[in-house]
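Listed here are the chains, written in short residue letters.
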Amino acid sequence: MLNKHVRQSVIVVGGGPAGLTAAIALAQGGIDTVLVGRRPAAGDNRTTALLAGSATALATLGVWELCADKAAPLKVMRIVDDTGRLWRAPEVKFEAREIGLDAFGHNIENCHLVEALERRARALANFRLIEGEAFELAPDEHGVTLALKGRETLRAPLIVGADGRHSLCREAAGIAIETRDYPQVALTVCLRHSRPHHDTSTEFHTPGGPFTLVPLPGQRSSLVWVLDPADADALIALDDGELSDEIERASHSILGKIEVEPGRGRFPLTRATARRFARNRIALVGEAAHVIPPIGAQGLNLGLRDAAAIAEVAVAARRAGRDIGGFNALAQYDRLRRADIGSRTLAVDLLNRTLLSDFLPVQGARGLGLYMLDHIGPIRRALMREGVAPRASQPRLMRGEPI
Ligand SMILES: Cc1cc2nc3c(=O)[nH]c(=O)nc-3n(C[C@H](O)[C@H](O)[C@H](O)COP(=O)(O)OP(=O)(O)OC[C@H]3O[C@@H](n4cnc5c(N)ncnc54)[C@H](O)[C@@H]3O)c2cc1C
């Protein structure tokens, strides 16, 4: 039974990176913000390649200065065709300086990013963190009543649902989701190596999916290895020495001797897109709205653009004296996010499927695409610019402008 109502301006559900970023942006925009976050069950050993716009947004929010020393720049990105197939693509190398940047972005361990976000959020006067679990949400014409498991009940005109892929907020908003599972999992591990990475990320395209090494500070890198689930389980069962040898073999020793660090992640590959990104006073951000395979470092970069966009819309509505969770504000948010999320999801899906395909013309088309990228400068530079700063969506924060 929902009885004791406490009025708040915005409630964010979910204390992952997307929820924390939305909460900081809202609070900095002058909106009283409560974040309800459940502690994650297990440690997250993943890293995030934050593209330039995301790092700019975090700098504008005062977060980047708290974690920049834990991040490594990504100056060069290499794609190497390791499929061993008849029609192989040439190696393609993208350099950030070709488009006038020092780096495409920075790679950081999720634990350091979340810690910096939490520190920044706690320092804001109009931010309150409730460590707890949202249990029930009841939207009505004027607001949403949110019951916390075993605790108080909150109410706000707008809820930001940042509660991940199995989102209770999405369900409460009555938003359907389209899901597709791939026959692959991503194995994640951080590692030390004897040779320097030279700020270069290398993606080997293998028949099972990409094997991607991304630089971390010093002689360390993170690995995302997309492969068949049975092969992933066999690798996870190996001891540290055996796994290090397998990784060294698969990486053709480009980083020299490999030594894996403790912690291995296993993530089934899924694509999921909510039919709408906001409804019934609930706006979805991050994986509550979209899940894409970890190929091309797009997932959280999209999630941060969601966070920046909902804060921009809500703050503008409040300043104009309009309803921050009303139909118009939510429709505007949905419109702002549609093209960006749709185009990234499609691109990652196509790339992954061309790798898995045994159909020669598909392999040929992929090889030709990469050949064109390698040989035609304007196409390559346009792709690099689009990867770093998508034309479909550049919220103010991504441009370095406060909300
Ligand atoms: C292997 C791998 C590599 C990746 N690499 C990159 C990359 O390089 N670049 C990139 O941009 N993206 C990357 N991604 C994607 C990125 O990791 C995700 O987009 C991101 O972690 C999602 O963040 P989120 O805040 O939306 O969700 P989550 O991190 O899932 O956070 C949701 C939070 O909500 C909480 N929660 C859930 N339900 C409730 C409830 N009822 N009440 C209260 N709290 C609740 C959960 O406990 C959790 O803390 C990668 C993904 C994978 C799998």
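Use the structure listed above.
What counts as what
Residues numbered from 1 in each chain as written. Predicted model: local features only at pLDDT ≥ 70, side-chain atom pairs only at ≥ 80, totals over all residues. Heavy atoms only, no water. Pairing = 2+ DSSP bridges. Helix = DSSP H or I, 4+ residues; strand = E, 2+ residues; numbered from the N terminus. Axes fitted to C-alpha atoms, helices over the stretch in contact; angles between N-to-C directions. Contact = heavy atoms within 4.5 Å. Near = heavy atom within 4 Å. Polar contact = N/O pair within 3.5 Å; in protein donor to acceptor, adjacent residues only side chain to side chain. Areas by Shrake-Rupley, 256 points an atom, 1.4 Å probe, with all protein chains shown as cover. Nonpolar A, V, L, I, M, F, W, Y, C, P; charged D, E, K, R; others polar. 1 Å grid on protein atoms, 1.4 Å probe; cavity = no way out; pocket = protein on both sides within 12 Å on 5 of 7 lines; lining within 4 Å. Points joined across faces, edges and corners; volume = space filled by probe spheres on them. Buried < 20%, exposed > 50% of the residue type's maximum accessible area, 1.4 Å probe, protein only. Arc of directions from axis to C-beta.

1. A look at the sheet that holds strand β5 (residues 72–74)
Then comes step 1: On the basis of which strands lie adjacent, the open sheet formed by three strands has the order β4-β8-β5 and antiparallel pairing. The open sheet is flanked by β4 (47–51) and β5, the only strands paired with a single partner. Between one strand axis and the next, the sheet turns by 30° as a mean value, whatever way the strands run.
Then comes step 2: The strands touched by helix α2 (residues 52–60) are β4 and β8 (105–109); relative to β4, the strand with the most contacts, the crossing angle is about 90°.

2. Quick notes on the site of the ligand
Then comes step 1: Residues in contact with the ligand amount to 29 residues; listed here are only the nearest, Ala-49, Ala-134, Glu-287, Leu-300 and Asn-301.
Then comes step 2: Contacts to the ligand include Pro-17, whose backbone N or O atom sits 3.4 Å from an oxygen atom.
Then comes step 3: A distance of 3.1 Å separates an oxygen atom of the ligand from a polar side-chain atom of Arg-46.
Then comes step 4: In isolation the ligand exposes 1000 Å². Once the protein is present, 89% of that is buried.
Then comes step 5: Counting residues per element, the ones that place at least two in the shell around the ligand are α1 (17–28), β3 (33–37), β4 and α7 (299–319).
Then comes step 6: Here the residues of the shell around the ligand sort into 11 nonpolar, 13 polar and five charged.

3. What about the layout of surface pockets?
The gaps of empty space that remain are located by a probe, the size of a water molecule, rolled over the atoms.
Then comes step 1: Considering only enclosed or pocket space, the second largest pocket measures out at about 210 Å³ in volume.
Then comes step 2: Those elements that place two or more of their residues in the lining of the second largest pocket are β20 (278–279) and α8 (327–356).
Then comes step 3: Tallied by class, residues from the lining of the second largest pocket come to four nonpolar, three polar and six charged.

4. A word on the sheet that holds strand β13 (residues 158–161)
Then comes step 1: Ordered in space as β9-β3-β2-β13-β21-β20, the six strands form an open sheet in which the pairing is mixed. A single partner strand is all that each edge strand has here, and the edge strands are β9 (127–131) and β20.
Then comes step 2: In this structure, β3 lies alongside β9, joined through five bridges in parallel fashion. Considered in β9, the bridge of Thr-33 is made with Phe-127.
Then comes step 3: Running at roughly 170° to β3, α1 makes contact with β2 (10–13), β3, β9 and β13 of the sheet.

5. Here we look at the pairing of strand β16 (residues 209–216)
Then comes step 1: Burial runs high along β16: eight of the eight residues are buried.
Then comes step 2: By the bridge criterion, five bridges tie strand β15 (residues 200–206) to β16 in an arrangement that is antiparallel. Looking at the pairing, Thr-202 lines up with Leu-213 of β16.
Then comes step 3: Counted along the chain from β15 to the antiparallel partner β16, the turn is two residues long.
Then comes step 4: Pairing analysis gives six bridges linking β16 to strand β17 (residues 220–227), with the strands arranged antiparallel. Along β17, the bridge assignment pairs Leu-216 with Arg-220.

6. Topic: helix α6 (residues 240–250)
Then comes step 1: Of the positions making up α6, those classed as buried are Leu-243, Ser-244, Ile-247, Glu-248 and Ala-250. What you see down the axis of α6 is that its buried residues fit within an arc of 165°, all on one side.
Then comes step 2: Where the residues of α6 are buried, they touch β14 (177–193), β15, β16, β17, α5 (229–236) and β18 (258–260).
Then comes step 3: Its side-chain oxygen at 3.1 Å from the backbone nitrogen of Gly-241, Asp-239 defines the N-terminal cap of α6.
Then comes step 4: With its phi angle positive at about 55°, His-252 sits one or two positions after the end of α6.

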